[in-house]
Amino acid sequence: MNIDVLLIIIEQCLMHIPLMLGAYITISLMKIPDLSIESAYVFGAIIAAQCIALTDTLPMVIQLPIVIIASLCGGAVVGLTSSMMTQYAKMPHLLSSIITFGIFYGINQLIAGSYISLSAYENPLISAGIERHPEMVTLAVLVCIVVASFSFLFTKQIGYAFALYGNNPHFLRHHGISVSYVFIVGVVLSNALAGLSGYLFAQSNGFADITMGFGKALLCITALILGKVIVRPMKPINIAMPLVGCLAYFVLQQLLLRVGFNLKYFTTIQALVTLCILVLTYRKKTKQHIDHLGV
């Protein structure tokens, strides 16, 4: 594996780590079938793209934080919508996610049409550093801040509350902790991170597209399962699991590309890898111990 391939893997990981951390909160810790991350991924990118157009005349050091906050807020709005449906309309979260997808698909079309091009504006992620990967230094700094922030969050009560919700939400209620609060905060944070990843991916590719979220939930599940198999976490919260899983996912993708595999069929490979790992894992478990989300 040459240095160019390694840099591509690192860059892809950096763009997707916020998404992976978001999925880790809801899908892995809270055991929620949170398909709304796909809608949050797209809406965060579209809101950030609109924000870039509005702040194009500002200096980069001011524009970038504004755009990042816009992407986080865009994703958070999606998470708030789906979680409020679940908690106050008393719907299953899977159904809330599907309804949220329909709502925001229409909103995205209203705001952006089919896509928004970013090629007419300066890229605020570009900085001095690696010549062929000018965004990498900024991405690395940004992702380090995100990982450090959530490593700290996971040491606090709210972080453990996410894991407790996934294990036994009745425990929270029994100890006077608001289950609705934990649920809504978890989903909002998860979707906000998905929105940030959506912007990073859109900025790197030069456009935000209303279909760019397709398959992101499967990507997250595949990466989290790979991370769980590799890391084998002994503690209820282990932030290395989504990070290692993300790296393993893009290493696998690049290896398949190098052997001439057509990546338009990569979704099939994702599904088959996930299926094989789960079949091998579930054969060793009793029904009482099966995790129905696989992670």
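Scroll up to find the structure this text is about.
To keep things clear, this report deals only with the structure shown in the data block.

Calculation notes
- Residues numbered from 1 in each chain as written.
- Predicted model: local features only at pLDDT ≥ 70, side-chain atom pairs only at ≥ 80, totals over all residues.
- Heavy atoms only, no water.
- Axes fitted to C-alpha atoms, helices over the stretch in contact; angles between N-to-C directions.
- Helix = DSSP H or I, 4+ residues; strand = E, 2+ residues; numbered from the N terminus.
- Parallel < 35°, antiparallel > 145°, perpendicular 65-115°, else oblique.
- Left-handed = near helix turned anticlockwise from the far one by under 90°.
- Contact = heavy atoms within 4.5 Å.
- Core = buried A, V, L, I, M, F, W, Y, C linked by side-chain atoms within 4.5 Å.
- Buried < 20%, exposed > 50% of the residue type's maximum accessible area, 1.4 Å probe, protein only.

### Here's the deal with the packing of helix α9 (residues 216-231) against helix α10 (residues 240-258)
Then comes step 1: Two numbers describe how α9 lies on α10: the axes approach to 7 Å, and their chain directions differ by 110°. Taken together, the axes of α9 and α10 lie roughly perpendicular to each other. The chirality of how α9 crosses α10 is right-handed. Here L219, T222, A223, L224, L226, G227, K228, I230 and V231 of α9 lie close against α10, whose contacting residues are A240, M241, P242, V244, G245, C246, A248 and Y249.

### Overview of the environment of M84
Then comes step 1: Looking at the secondary structure, you find M84 in helix α3 (residues 60-88).
Then comes step 2: When the C-alpha atoms of M84 and I37 are compared, they prove to be 15 Å apart, with 47 residues separating the residues in sequence.

### Considerations on the nonpolar core
Then comes step 1: If you look at the biggest cluster of nonpolar residues, it comprises 83 residues, and the most contacted ones within it are F154, F162, Y165, Y199 and L200.
Then comes step 2: Among the elements that line this core, the one with the most residues is helix α1 (residues 3-29), at 15 residues.
Then comes step 3: Not counting residues up to four positions away in its chain, the partners in contact with F154 are Y24, I25, L29, G159, Y160, I237 and I239.

### Some thoughts on the environment of P169
Then comes step 1: Here P169 is to be found in helix α7 (residues 169-174).
Then comes step 2: Judged by relative accessible area, which is 25%, P169 ranks as partly exposed.
Then comes step 3: Once you skip the residues sitting within four places of it in the chain, P169 turns out to touch L164 and V179.

### A word on the side chain of T55
Then comes step 1: Within the secondary structure, T55 is located in the loop between α2 (36-54) and α3.
Then comes step 2: T55 has contacts with Q63, I66 and V67, leaving out every residue within four places of it along the chain.

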